[in-house]
Amino acid sequence: MPGFERFGDQERKEVQDVLDNGVLMRYGFDGMRNGHWKAKELERELERTLQTKHAQLVSSGTAAVTVALASAGIGAGDEVIMPTFTFVASFEAIMMLGAVPVLVDIDDTLAVDPKAVEAAITPKTKAVMVVQMCGSMGRMEELEAICKNNKLLLIEDACQAIGATFNNKPLGSIGDLGCFSFDFVKTITSGEGGAVVTNNDSYYTHTDQYSDHGHDHIGSDRGAETHPYLGYNFRISELHAAVGLAQIKRLPEFLEVQKRNFTVLREALSAVPEVTFRTVPKGGEESYAFLSFFLPDLECARKASKGLKEAGVDGCFHYYDNNWHYVREWSHLKNIKSLYPVSAEVKKGLAYLETKTFEQSDHYIARNISCLIKLSWTEEEVKRRAELMVEAIKGAL
Ligand SMILES: *Cc1c(COP(=O)(O)O)cnc(C)c1O
């Protein structure tokens, strides 16, 4: 997945433009910037690529999720349904706004199970966050219908799935708000950075203003702008946006290489009858950022994971034992280890986590291995990797 494998002249030129005029900030300084507005240009490119009316850049994917929730008015006392398998950022962003993360099981798509979502809805539920893990997607039709019937917002965390589509719509553009990350290991990278996309005019205005201290961004005199409400600083810099601008133009190239490398590995693993693959809902097209598959049981997956490492096959993750991505090892979140006091309401809202188990999620994550698809592999390297993977997996059965 990482775009950092492919830095070149395009990235250098965009950064040089910014350094030449010296304006590292995305707002203001109109006279000094010689017409260079990298953040604004990248926002237009994102709108075009993701087929949304609006895109707002922010400082990270975590910021994107936080800003998306805030712009939809989610805060104290609200419940947000999220998956057990994600990145800790989902949990952090909900907590940051004083809302309560309600964790639900995932299914064979590796995203939230619509049935589990439905069962978790209470009068306090405001939004469902679907995290499009490892380059693919959840059951979007079912999730959209549940949100519509229950008047809930659908928020898509598509940080790991830029370029994937469902019924020809880019992931991130399907829900009310979509979130992206351009951190160093994502398909498109700007070093650090993120974006919120939406077709809703008022959510967009909120993202634009909230991510910059509530500035109204009306007129050209930053000093004269008013602040309609409280905001924060989640701005991206022109330098980061410049790298992102070069990278987004290369997305089709990155996706093509990912798909080619993915296909070689998937075909090789298909020859092992014990291997099954993550379900991609009908109408879905992955970004091919990862190859995710299931082995018969936990023991086998642990053994295969070890075997892959020993064979030098890097970038394969067995998330069951991982404390960034899966609820089982989130002791710092389950026990709310916070530097500052957390409201009694949130504490009460999270009490369920002390005892709740997630057998269905365990059933999938215990047996799952997801392997990163790199852009820099040569044809020979992909073939060799396929052989080593098959060997390691057979050795673990
Ligand atoms: C990377 C990631 C994030 C956070 O993005 P950062 O830019 O690293 O803050 C959020 N959600 C998911 C699913 C991610 O993979």
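Model, not experiment: these values are computed from the prediction. (Residues numbered from 1 in each chain as written. Predicted model: local features only at pLDDT ≥ 70, side-chain atom pairs only at ≥ 80, totals over all residues. Heavy atoms only, no water.)

A. Representation of a nonpolar patch on the surface in the model. The grouping of F7, F184 and V185 at the surface amounts to a nonpolar patch, some 280 Å² of accessible area in total. With respect to the helices and strands, V185 occurs in the loop between β8 (177-181) and β9 (194-198). When its relative accessible area of 42% is taken as the criterion, V185 is described as partly exposed. (Patch = residues over 30% accessible without salt bridge, like charges linked within 9 Å, V, L, I, M, F, W, Y side chains within 5 Å. Areas by Shrake-Rupley, 256 points an atom, 1.4 Å probe, with all protein chains shown as cover. Salt bridge = Lys/Arg side-chain N within 4 Å of Asp/Glu carboxyl O. Helix = DSSP H or I, 4+ residues; strand = E, 2+ residues; numbered from the N terminus. Buried < 20%, exposed > 50% of the residue type's maximum accessible area, 1.4 Å probe, protein only.)

B. Quick look at the state of the cysteines. Taken as a whole, this structure holds one disulfide when the rule is applied. A sulfur-sulfur distance of 2.2 Å marks the disulfide that ties C316 to C371. Measuring handedness by torsion sign, the sulfur bridge of C316 and C371 sits at about 110° and is right-handed. In this pair, C316 sits in strand β13 (residues 316-317) while C371 sits in strand β14 (residues 368-372), placing the two residues 55 residues apart along the sequence. Overall, the relative accessible area of 11% leaves C316 in the buried class. (Disulfide = S-S within 2.5 Å.)

C. Just the pairing of strand β12 (residues 290-294), in detail. Burial of β12 is extensive: five of the five residues sit out of reach of the surface. Note that strand β10 (residues 276-277) and β12 share two bridges and pair antiparallel. In the sheet register, F277 faces β12, and the bridge partner there is F293. Direction of pairing for β12 relative to β14: antiparallel, over a ladder of five bridges. Opposite F290, over in β14, you have L372 as the bridge partner. (Pairing = 2+ DSSP bridges.)

D. Local environment of the side chain of K186. Structurally, K186 is set in the loop between β8 and β9. Separated by 3.1 Å, the side chains of K186 and D183 make a polar contact. (Polar contact = N/O pair within 3.5 Å; in protein donor to acceptor, adjacent residues only side chain to side chain.)

E. Inspection of the UniProt feature "modified residue: N6-(pyridoxal phosphate)lysine" (unreviewed entry) in the protein at higher detail. Sequence positions flagged by UniProt for "modified residue: N6-(pyridoxal phosphate)lysine" (unreviewed entry) are, in local numbering, K186. For K186, a relative accessible area of 10% puts it in the buried group. (UniProt positions renumbered as here; feature names shortened; annotations may be inferred.)

F. Local environment of the pairing of strand β2 (residues 79-83). For β2, a buried count of five out of five residues is recorded, marking the element as mostly surrounded by other parts of the structure. Burial of the side chains of β2 extends over both faces: E79, I81 and P83 are buried on one face and V80 and M82 on the other. Alignment of β2 against strand β3 (residues 100-104), held across five bridges, turns out to be parallel. Directly across from M82, in β3, lies its bridge partner L103. Relative to strand β4 (residues 125-131), β2 runs parallel, the two being bridged by three bridges. Within the sheet, the bridge partner assigned to I81 lies in β4 and is V128.

G. How the structure looks around the sheet that holds β8. Taken together, the seven strands give an open sheet; going across it, the order is β1-β9-β8-β5-β4-β2-β3, and neighbouring strands pair in mixed fashion. This sheet does not close on itself; its edge strands, each paired only once, are β1 (54-58) and β3. Within this sheet the neighbouring strands show an average axis-to-axis angle of 25°, counted without direction. Here β8 runs beside β9; their pairing, made up of four bridges, is antiparallel. Bridge pairing in β9 places C179 opposite V196. On the sheet, helix α2 (residues 38-50) packs against β1, β8 and β9 and is oriented at approximately 130° with respect to β1. Of the strands in this sheet, β4 and β5 (153-157) touch helix α6 (residues 140-149), which is tilted by about 145° from β5. (Axes fitted to C-alpha atoms, helices over the stretch in contact; angles between N-to-C directions. Contact = heavy atoms within 4.5 Å.)

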